[in-house]
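# Coordinate analysis (summary)
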Amino acid sequence: MYDELTQRVIGHIARTHSLPEESVTPESTFDELGIDSLGAMCLVADLEIELGVDVPNEELLRVKSVGDAIDSLARVLAGAAEQAEAGAAPQG
Amino acid sequence: MGARRVAVTGVGAVSALGVGAAELWAGLSDGRSGIGPIESADCSTLRFANGAEVHGFDPAAHFERRAAEMMDRFSQFAVVAAREAVAMAGVEWTPGLREETAVVVGSGVGGQISEERAFVDSYFTDRGRTHPLSIPRAMMNAATSQVTMDLGVHGPAFTVSTACSSSNHAIGQAFWMVRSGTAEMAVAGGAEAPFALAHLKGWDALRAVSPDTCRPFTRGRQGMVLGEGAAMLVLEPLEAARARGAPVLAELVGFGMSADASHVTVPSAEGAARAVRAALRDAELSPERVEYVNAHGTGTAVNDPMETAALRAVFGAHADRLAVSATKSMHGHALGASGALEAVATVLALRHGLLPPTANFTEPDPECDLDVVPNRARAAQVEHAISNSFAFGGLNAVLAFRRGDA
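Residues numbered from 1 in each chain as written. Chains lettered and ligands numbered in written order. Predicted model: local features only at pLDDT ≥ 70, side-chain atom pairs only at ≥ 80, totals over all residues. Heavy atoms only, no water.

### Brief notes about the overall build of chain A
Spelled out, the test is: Helix and strand definitions follow DSSP, with helices as H or I runs of at least four residues and strands as E runs of at least two, each counted in order from the N terminus. Exposure categories follow from relative accessible area, calculated using a 1.4 Å probe and restricted to protein chains: below 20% of the type maximum is buried, above 50% is exposed, and the middle band is partly exposed. Residues are treated as being in contact if the distance between any of their heavy atoms lies within 4.5 Å. Residue exposure ignores everything except the shown protein chains as possible cover, and the areas themselves are Shrake-Rupley values with a 1.4 Å probe. We score Asp and Glu as negative and Lys and Arg as positive, and we do not count His or the chain ends. By convention, the charge on Lys lies at NZ, on Arg at CZ, on Asp at CG and on Glu at CD.
Broken down by element type, chain A carries five helices and zero strands. Going from N to C terminus, chain A has its helices and strands arranged as α-α-α-α-α. C-alpha atoms of chain A, sized along the principal axes, occupy 50 × 30 × 20 Å. Among the 92 residues that make up chain A, the fraction classed as buried is 39%. Contacts spanning at least 24 positions in sequence make up 48% of the contacts within chain A whose residues lie at least 6 apart. Only carbon and sulfur atoms are counted for the fraction: they give 54% of the accessible area of chain A, which is about 5,500 Å². Averaging the positions of the 5 positive and the 18 negative side-chain charges in chain A gives two centres separated by 2 Å.

### Overview of helix H14 (residues 338-352) of chain B
Residues and elements named next belong to chain B. Short version of the rule: Helix span, as expected, comes to 1.5 Å for every residue beyond the first.
Taking 1.5 Å of rise per residue, 15 residues should cover 21 Å, and H14 covers 21 Å from first to last C-alpha, within 8% of that figure. Burial analysis of H14 places 13 of its 15 residues in the buried class, which makes it a mostly covered element. With its phi angle positive at about 60°, Gly353 sits one or two positions after the end of H14.

### Notes on the pairing of strand S15 (residues 395-403) of chain B
Residues and elements named next belong to chain B. The line we're drawing: Each pair of strands is called paired provided DSSP finds at least two bridges between the two strands.
The buried count for S15 comes to eight of nine residues, which makes it a mostly enclosed element. Bridge analysis of strand S9 (residues 250-259) against S15 gives nine bridges, and the strand direction is antiparallel. Bridge assignment links Met257 to a residue of S15, and that residue is Ala397. Sheet topology places strand S14 (residues 384-390) next to S15; seven bridges connect them, and they run antiparallel. Note on S15: the bridge partner recorded for His384 is Arg402. From the end of S14 to the start of S15, which pair antiparallel, there are four residues, and Gly393 there has a positive phi angle of about 90°.

### Description of the domain arrangement of chain B
All names here are of chain B. Formally: Domain delimitation in this document rests on an assignment produced automatically or drawn from a domain database. Here's the idea: put two parts together, see how much 1.4 Å probe accessible area each one loses, and the total over both is what we call buried area. When a carboxyl oxygen of Asp or Glu is within 4 Å of a side-chain nitrogen of Lys or Arg, the pair counts as a salt bridge.
Domain annotation of chain B identifies domain 1 (6-243) and domain 2 (254-403). One C-alpha centre belongs to domain 1, the other to domain 2, and the line joining them spans 20 Å. Opposite the 66 residues of domain 1 that make contact, domain 2 presents 67 residues. Of the roughly 4,800 Å² buried between domain 1 and domain 2, counting both surfaces, carbon and sulfur atoms make up 69%. The three residues of domain 1 that bury the most area against domain 2 are Trp25, Asn168 and Phe217, which together make up 19% of that side's buried surface. At the surface where domain 1 touches domain 2, the tally comes to four salt bridges. A salt bridge links Arg179 to Asp282; the nearest nitrogen and oxygen atoms lie 2.9 Å apart.

### Examining the pattern of salt bridges
Two side chains carrying opposite charge are able to pair once their charged atoms lie near each other. All names here are of chain B. Applying the stated rule across the entire model yields 26 salt bridges over all chains. Between Glu383 and Arg403 there is a salt bridge, with the nearest N and O atoms lying 2.4 Å from each other. On the criterion of sequence distance, the pair formed by Glu383 in the loop between strand S13 (378-379) and S14 and Arg403 in strand S15 is long-range, its members being 20 residues apart. Judged by its relative accessible area of 26%, Glu383 falls in the partly exposed class. The exposure class assigned to Arg403 is buried, which follows from its relative accessible area of 15%.

### Regarding the nonpolar core
Residues and elements named next belong to chain B. Cut-off, in case you're wondering: Only buried residues count toward a nonpolar core. Its members are Ala, Val, Leu, Ile, Met, Phe, Trp, Tyr and Cys residues joined through side-chain atoms within 4.5 Å.
Formed by 50 residues in total, the largest nonpolar core has its most connected members in Val11, Leu233, Leu235 and Phe401. Here the element with the most residues in this core is H14; it accounts for nine residues. Counting contributing residues per domain, this core is built from domain 1 (6-243) and domain 2 (254-403), each supplying no fewer than three. Counting residues in each nonpolar core, the second largest holds 32 residues, with Ala85, Val105, Ala143 and Val153 among its members.

### Some details on the interface of chain A and chain B
Keep this limit in mind: N or O atoms within 3.5 Å of each other form a polar contact, as long as, within protein, one can give a hydrogen and the other can take it, and as long as residues adjacent in sequence are counted only when both atoms are side-chain atoms.
Between chain A and chain B, the contact holds 15 residues from the first and eight residues from the second. Summing both partners gives a buried area of about 960 Å² for chain A against chain B, and 55% of it is carried by carbon and sulfur. Considering only the surface of chain A that becomes buried against chain B, Thr16, Leu38 and Cys42 of chain A emerge as the three largest contributors, covering 39% of it. One can count three salt bridges joining chain A with chain B. Close ionic contact of Glu48 of chain A with Arg129 of chain B constitutes a salt bridge, the shortest N to O distance being 2.5 Å. Taken together, the connections running from chain A to chain B amount to five residue pairs in polar contact (both at pLDDT 80 or more).

### Comments concerning the confidence of the model for chain B
To be explicit about the condition: Within a predicted model, pLDDT stands for the predictor's per-residue confidence, ranging from 0 to 100.
Within chain B, residue pLDDT values average 97, and 99% of them lie at 70 or more. Mean pLDDT values for the elements of chain B range from 91 in helix H2 (residues 65-69) of chain B up to 99 in strand S8 (residues 229-237) of chain B.

### Focus: the packing of helix H1 (residues 4-16) of chain A against helix H5 (residues 66-88) of chain A
Residues and elements named next belong to chain A. Rules: Axis angles are defined between N-to-C directions and span 0 to 180 degrees, where every axis is a line fitted to C-alpha atoms and, for a helix, only to the segment in contact. The labels follow the angle: roughly parallel below 35 degrees, roughly antiparallel above 145, roughly perpendicular from 65 to 115, and oblique for the rest. Definitions for this section: a left-handed crossing has its near helix turned counterclockwise from the far helix by less than a right angle. A right-handed crossing has that turn clockwise.
Where H1 meets H5, the axes come as close as 10 Å, and the angle between the chain directions of the two elements is 130°. Between H1 and H5, the interaxial angle falls into the category oblique. As for the relative orientation of H1 and H5, their crossing is right-handed in sense. Residues Leu5, Thr6, Val9, Ile10 and Ile13 of H1 pack against Val66, Ile70, Leu73, Ala74 and Leu77 of H5.

### Examining the packing of helix H1 (residues 21-30) of chain B against H14 of chain B
All names here are of chain B. To be explicit about the condition: Residue polarity is assigned by list, with Asp, Glu, Lys and Arg as charged and Ala, Val, Leu, Ile, Met, Phe, Trp, Tyr, Cys and Pro as nonpolar; anything else, Gly included, falls into the polar class.
Orientation of H1 relative to H14, taken along the N-to-C sense of each, is 75°, at an axis distance of 10 Å. Looking at the two axes, H1 sits roughly perpendicular to H14. Contact residues: H1 offers Ala21, Leu24, Trp25 and Leu28, while H14 offers Leu341, Val344, Ala345, Leu348, Ala349 and His352. Among the residues forming the contact of H1 with H14, the class breakdown is nine nonpolar, one polar and no charged.

### Some thoughts on the side chain of Glu59 of chain A
Relative to the assigned elements, Glu59 of chain A resides in helix H4 (residues 57-61). The exposure class of Glu59 of chain A is buried, given its relative accessible area of 9%.

Shown next, in the form of structure tokens:
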């Protein structure tokens, strides 16, 4: 059983690329799935909008597999959560 | 190499009259107008509500989901029309022919729908993010590029953008390349999908659009009606077409261009006449041999008398023997795709010996005193025809055709 983020990324890829969900795993590379670099960029952009985050360019360049995309999004989500917490803390 | 004769061996079309050249021709020969209430945009804040939209165009019927997502609607129209034209021409691709086939597509406004979506996302969504495909979809050359990729051809390829003359300029450039031997085959035409609200607002502000329908050459006409679609022609040397037993639907014999150099929206009869004369000169055709004119005929107060004056200036007394029809009354003014739709209409008129009418005609205008083939198609075996396009900005382009078996 995948965690929520992994499930969301896999579901999105399967839906947008008309692939059976079981054929997409965190180990799948985009090459294997027939997704080119523009396709990977579109995928990350869709998920950025869904999750309300920004994936920096240097993260995006490292994304070659489904697992890479999940890791990048997880890092960015963790950073965003930390910032929100810091912002919410009492000042001074 | 001497100049070669150039045959039109295939046509394809997507228009308000249907998806396919046969659908376009059926509508034109019935005098049926594809103009109706606009469904793809909310027109409640516009002074007009009618357009010539393409209904029932399902991208999924033509493209895989990912391929469809790569394209704006105008590119999808272009590829579908190009496939149809190539299939009709019975082109058998060889590596050599792929290397030497040109693609030239006209578009006046490019991917308006994709551009508008990017603007709306940028200005009005929470984080102002736009889709990564916004630029590849919206760029003016997208339709040309998508056609080259879909057909797998590698010859000269470019987009021509001269507003409402875009298609005629595109077809003319392709014609000259095939005639001179720069290309062994060309797929040429135009594509447009302008039904994006901000774009419609622009036309509304210009007060150029009719509140009801398009009535070219009619007294009391109230303006143009916007349309959308695409049309493509396959051009190849006449000898090559005959050698491979391809259908010669018509011959493309002349192309002429001019610039009014006067006003950005008010056309000049001298400028239009100059382009018609240039096309006849290029075709080595004397004016009295022309029998049919597919007019620019927008249905605006200004264009139609100007075009009448231009035709009288070129053809003199012979103007009274010309049949002149404005098919924009049926497929709408599809801007950069209009010339290609009208080129297909002209080719099929020569082919079938039937002149499409000027639809929605009610009452003659003394300022447009030509035989405008009102409302009903007319059987006539015509040897030579011209098709006019005159753009905003005063850029004019005219094509001359000869019947295929002439």
